[in-house]
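# Close look at the chain arrangement
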Amino acid sequence: MNKFNNDKRLTRKLDHIKLTLDLADKNTSTRFEDVKLVHQAVPELNFNEINLNCTWLGKKLAAPILINAITGGSEPTEEINASLARMARKHGLAMAVGSQTAALNNKSTIKTYQIARQENPDGILLANVSALTPYEQVLRAVEMIEADGVQLHLNVLQELLMPEGDRDFKGTLENIAQILVKCPVPVIVKEVGFGISQETALKLIKIGVAYLDIGGYGGTNFALIESLRNHPPQEQTFKTWGIPTAASLLEVKSLQKPLQIIATGGIQTGLEICKALRLGANMVGIAGLFLTRLMLKGEEELSSTISNLLRELKITMLLCGARNLTDLNKVPLVFSGELLNWIRQRKLKVD
Ligand SMILES: Cc1cc2nc3c(=O)[nH]c(=O)nc-3n(C[C@H](O)[C@H](O)[C@H](O)COP(=O)(O)O)c2cc1C
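Treat the numbers as computed from the prediction; the structure is a model and nothing was measured.

Counted under the stated rule, the structure contains zero disulfides. Cysteine Cys54 remains unbridged, with the sulfur of Cys274 as its closest cysteine sulfur at 14 Å. The buried category is assigned to Cys54, whose relative accessible area is 17%.

Below, the structure written as structure tokens:
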């Protein structure tokens with residue numbers, strides 16, 4: 001990889017952050033608004049006893065929340081990774097670094113990812129590369145940050161909308177299968193905001209994938225971001241493309257396979273985290289909200305945002321009569337609107 005390509009990648013990363021901030025308030029729909037958790041007026045619970053603890057990838061977490069992949073590869077992004085890792089340590093959350101392709105091609109940027117491990121030596125930290133990355137490089141990415149797991153991202157639409165992006169997606173399944181054989185840590189296949197369908201999930205399960213981040217539609221929108229990055233801005237034909245996060249979660253859950261599911265895509269509140277967990281997520285991932293809070297208001301404000309999410313999650317659990325994450329699985333649900341339509345047309349099995 002030459003310097004020109006690396007410079008382009010760096011500019012792209014910084015563009016993505018800037019556009020995420022610009023678009024922060026223009027949220028589209030995850031369809032979590034079509035899920036109601038049934039209120040219990042006599043929950044017989046003490047708020048202080050609501051317990052969010054869980055174990056994931058063999059380590060304990062204070063709550064099933066993942067600060068999802070955002071960045072790395074340049075000086076400003078090193079600071080972002082340092083802040084996010086401090087937040088992960090302080091609040092007992094998991095974290096993923098952004099795509100490590102930059103570091104695999106340019107050693108001088110390795111430290112911008114390693115900072116996350118230095119700031120949180122004992123926490124859960126995930127490596128991140130494209131699902132088309134050769135396995136030797138995946139192993140280097142894992143080693144680079146002593147990762148507890150590795151995310152392989154799928155971002156077909158984003159690549160197609162980038163003038164410099166990939167065009168050939170053949171061989172993705174074969175490559176993932178090879179990584180699964182060679183990789184010493186759990187492998188998580190991850191969408192970046194267009195969702196995972198049942199059909200895709202089945203293909204991935206068939207080759208042995210056991211961890212899926214459904215990365216659904218309704219939050220950070222890379223179709224829109226890429227169209228705005230182009231000069232002049234491109235048509236926005238694909239800005240509504242994708243499977244809403246709640247629908248994607250149900251698509252995958254209704255397969256009733258032994259999968260660990262991470263629900264990411266447009267999560268903004270503790271109530272939505274609770275809905276995602278109830279719909280079958282083992283972990284909930286958040287990127288855009290954390291990034292915008294950090295960049296616009298600073299680390300302290302991000303810390304308050306996380307505390308408030310945890311508070312809202314506990315309030316919701318109490319109102320549903322759930323003392324812990326296991327109880328939450330039994331909470332009754334009602335679906336409406338477009339999500340109910342989706343469930344019916346796709347013949348999803350939901351409980
Ligand atoms: C600025 C920015 C950069 C991102 N970079 C990556 C990346 O390098 N690798 C990846 O797998 N996902 C990346 N993502 C996607 C997020 O991990 C997440 O899947 C997506 O933003 C949806 O979550 P959200 O709606 O909470 O932002 C990025 C997101 C943002 C906002």
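Looking now at the site of the ligand. In the vicinity of the ligand, 24 residues are found, and the nearest of them are Ala69, Lys190, Thr220, Gly266 and Gly288. Ala69 has a polar backbone atom sitting 2.7 Å from an oxygen atom of the ligand. Interatomic distance of 2.7 Å between a backbone N/O atom of Gly288 and an oxygen atom of the ligand. For the ligand, whose unbound accessible area comes to 600 Å², protein coverage reaches 96%. Broken down by secondary-structure element, the contributors of at least two residues to the shell around the ligand are helix 1 (3–22), strand 8 (187–191) and helix 12 (288–297). Element by element, the count of residues in the shell around the ligand is highest for helix 1, at four residues. For the shell around the ligand, the class distribution of residues is eight nonpolar, 13 polar and three charged.

This brings us to the nonpolar core. In this structure, Trp56 and Val150 are the most contacted members of the largest nonpolar core, which totals 104 residues. Sort the elements by how many residues they give to this core and helix 13 (residues 299–320) lands first, with eight residues. With residues near it in sequence (within four places) discarded, Trp56 still touches Leu61, Ala94, Ile124, Leu126, Ile188, Tyr211, Gln260, Ile262 and Met283. In terms of nonpolar packing, the next biggest core, distinct from the first, is built from ten residues, Leu161, Val192, Phe194 and Ala223 among them.

Quick notes on the rules
- Residues numbered from 1 in each chain as written.
- Predicted model: local features only at pLDDT ≥ 70, side-chain atom pairs only at ≥ 80, totals over all residues.
- Heavy atoms only, no water.
- Disulfide = S-S within 2.5 Å.
- Buried < 20%, exposed > 50% of the residue type's maximum accessible area, 1.4 Å probe, protein only.
- Near = heavy atom within 4 Å.
- Polar contact = N/O pair within 3.5 Å; in protein donor to acceptor, adjacent residues only side chain to side chain.
- Areas by Shrake-Rupley, 256 points an atom, 1.4 Å probe, with all protein chains shown as cover.
- Helix = DSSP H or I, 4+ residues; strand = E, 2+ residues; numbered from the N terminus.
- Nonpolar A, V, L, I, M, F, W, Y, C, P; charged D, E, K, R; others polar.
- Core = buried A, V, L, I, M, F, W, Y, C linked by side-chain atoms within 4.5 Å.
- Contact = heavy atoms within 4.5 Å.

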